[in-house]
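Coordinates in review
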Amino acid sequence: MERERSACIAIPAIIGMFLTFSLTALFSISLITLWALIFEQSKKKVALLSSIAGGFALILITDAIVSQYVSISVFDLFTKRVGGIVDVLSSGGGRGTSIVGESFFGRLSTIFQGFSIWAEYPITGIGAGCYEYFSKMNPISFSDSLHSGLLAERGSIGFVAYASLFVHLFKKTLHASRDTEFRSHLSPEMLTMTAIAPYIMIAHLAFSFSTYYWINWIFWVHHGLVYATLITAQKAAGRQILSLKPMKNGLVQYFIQAEHAKKTP
């Protein structure tokens, strides 16, 4: 039953990422696969390679079906897109050509502008939301990279704060997913969640190279899910957790109590 559920999730996900024609999705899958091949156990590597082979076969089948209806091979477009980017980069932007409508180089220019802003405001940055005011001649609203965007708007101070948080959280997820004694106290469900947590962080890292999304809800969903998993696992393992409560009761409880008081005669 568990395998059937995983297949029901994995198959639409693979097809969806393929049909989006997204380099970010391709980079994310590649980074996750590379991590698993290097750091996972041998048995899991065999299962991963089998999944990759199955996923590739599924992509070819999907491409053949889609091609019959739209007369366009998404797989060929992917090949041309990646090849075009490599061609331009290898030629230094002189002789190479990329596909029409390629967004990679436009994103790259916003990333380089972020580093230019940071070079002028290295400590505190230009200020949150002020990215587009740096250049009046060619205003760009934001960087297409979390790293250059944070350096530009928050400076070295903000970037170091973010990097420290990310490294600390990643270390915690690795401990929760690898420490045998710690994992011996967890339920099967929590074992699964703690095993997934590092891959959520790797996916977040992959997204951050092409998306400035620390102000986006997806960023906080990723971190919130990892924090919730770690806190639940720590409690299940009987570990102490430092908690701070600025309020005795949460705002939701206050609202519920106030509403109940109105209804009570």
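Here we summarise the structure given alongside this text. Note that the structure is a prediction, hence the values are computed from the model and not measured.

One pair of aromatic rings is described through two measures. These are the centre distance and the angle between the planes. Counted under the stated rule, the structure contains eight aromatic pairs. Ring geometry for Phe159 versus Tyr162: centroids 6.4 Å apart, planes at 50°, classification tilted. Here the residue Phe159 and the residue Tyr162 both occupy positions in helix α6 (residues 146-178), the gap between them amounting to three residues, near one helical turn. Taking the relative accessible area as the measure of exposure, Tyr162 reaches 11% and is therefore buried. Summarising the aromatic geometry, the rings of Tyr162 and Phe166 are spaced 6.3 Å apart at their centres and angled 35° between planes, so their arrangement reads as tilted. You can see Tyr162 and its partner Phe166 sitting in helix α6, four residues apart, about one turn around the helix. For the pair formed by Tyr162 and Phe166, the shared burial category is buried. Joined through ring pairs, the aromatic side chains of Trp35, Phe39, Phe159, Tyr162, Phe166, Phe170, Phe219 and Trp220 make up one cluster.

This structure, assessed with the given rule, holds one salt bridge. Arg239 serves as the salt-bridge partner of Glu181, at 2.8 Å between the closest nitrogen and oxygen. Of the two residues, Glu181 sits in helix α7 (residues 180-183) while Arg239 sits in the loop between α9 (217-236) and α10 (251-263), which places them 58 residues apart along the sequence.

On the surface, Leu34, Leu37, Ile38, Phe39, Leu49 and Ile52 cluster together into a nonpolar patch covering about 520 Å² of accessible area. The topology assignment puts Ile38 in helix α2 (residues 23-39).

The subject of this paragraph is the packing of α2 against helix α3 (residues 42-70). Where α2 meets α3, the closest approach of the two axes is 9 Å, and the angle between their N-to-C directions is 150°. With respect to α3, the axis of α2 lies roughly antiparallel. α2 and α3 meet at a crossing whose hand is left-handed. Of the residues in α3, those in contact with Thr33, Ala36, Leu37 and Ile38 of α2 are Lys45, Leu48, Leu49 and Ile52. Split into classes, the residues belonging to the contact of α2 with α3 amount to six nonpolar, one polar and one charged.

Looking now at the packing of α2 against helix α8 (residues 188-208). Packed helix pairs are specified by the crossing angle of their axes together with the interaxial distance, meaning the distance between the axes. Look at α2 against α8: their axes get within 9 Å of each other, and the N-to-C directions meet at 140°. Taken as axis vectors, α2 and α8 run oblique relative to one another. By crossing handedness, the relation of α2 to α8 is classed as right-handed. Counted together, Thr24, Phe27, Ser28, Leu31, Ile32, Trp35 and Ala36 of α2 and Tyr199, Ile202, Ala203, Leu205, Ala206 and Phe207 of α8 form the full contact between these two elements. Looking at the contact of α2 with α8, its residues break down into eleven nonpolar, two polar and no charged.

The rules behind the values
- Residues numbered from 1 in each chain as written.
- Predicted model: local features only at pLDDT ≥ 70, side-chain atom pairs only at ≥ 80, totals over all residues.
- Heavy atoms only, no water.
- Phe/Tyr/Trp six-rings, centres within 6.5 Å; stacked < 30°, edge-to-face > 60°.
- Helix = DSSP H or I, 4+ residues; strand = E, 2+ residues; numbered from the N terminus.
- Buried < 20%, exposed > 50% of the residue type's maximum accessible area, 1.4 Å probe, protein only.
- Salt bridge = Lys/Arg side-chain N within 4 Å of Asp/Glu carboxyl O.
- Patch = residues over 30% accessible without salt bridge, like charges linked within 9 Å, V, L, I, M, F, W, Y side chains within 5 Å.
- Areas by Shrake-Rupley, 256 points an atom, 1.4 Å probe, with all protein chains shown as cover.
- Axes fitted to C-alpha atoms, helices over the stretch in contact; angles between N-to-C directions.
- Parallel < 35°, antiparallel > 145°, perpendicular 65-115°, else oblique.
- Left-handed = near helix turned anticlockwise from the far one by under 90°.
- Contact = heavy atoms within 4.5 Å.
- Nonpolar A, V, L, I, M, F, W, Y, C, P; charged D, E, K, R; others polar.

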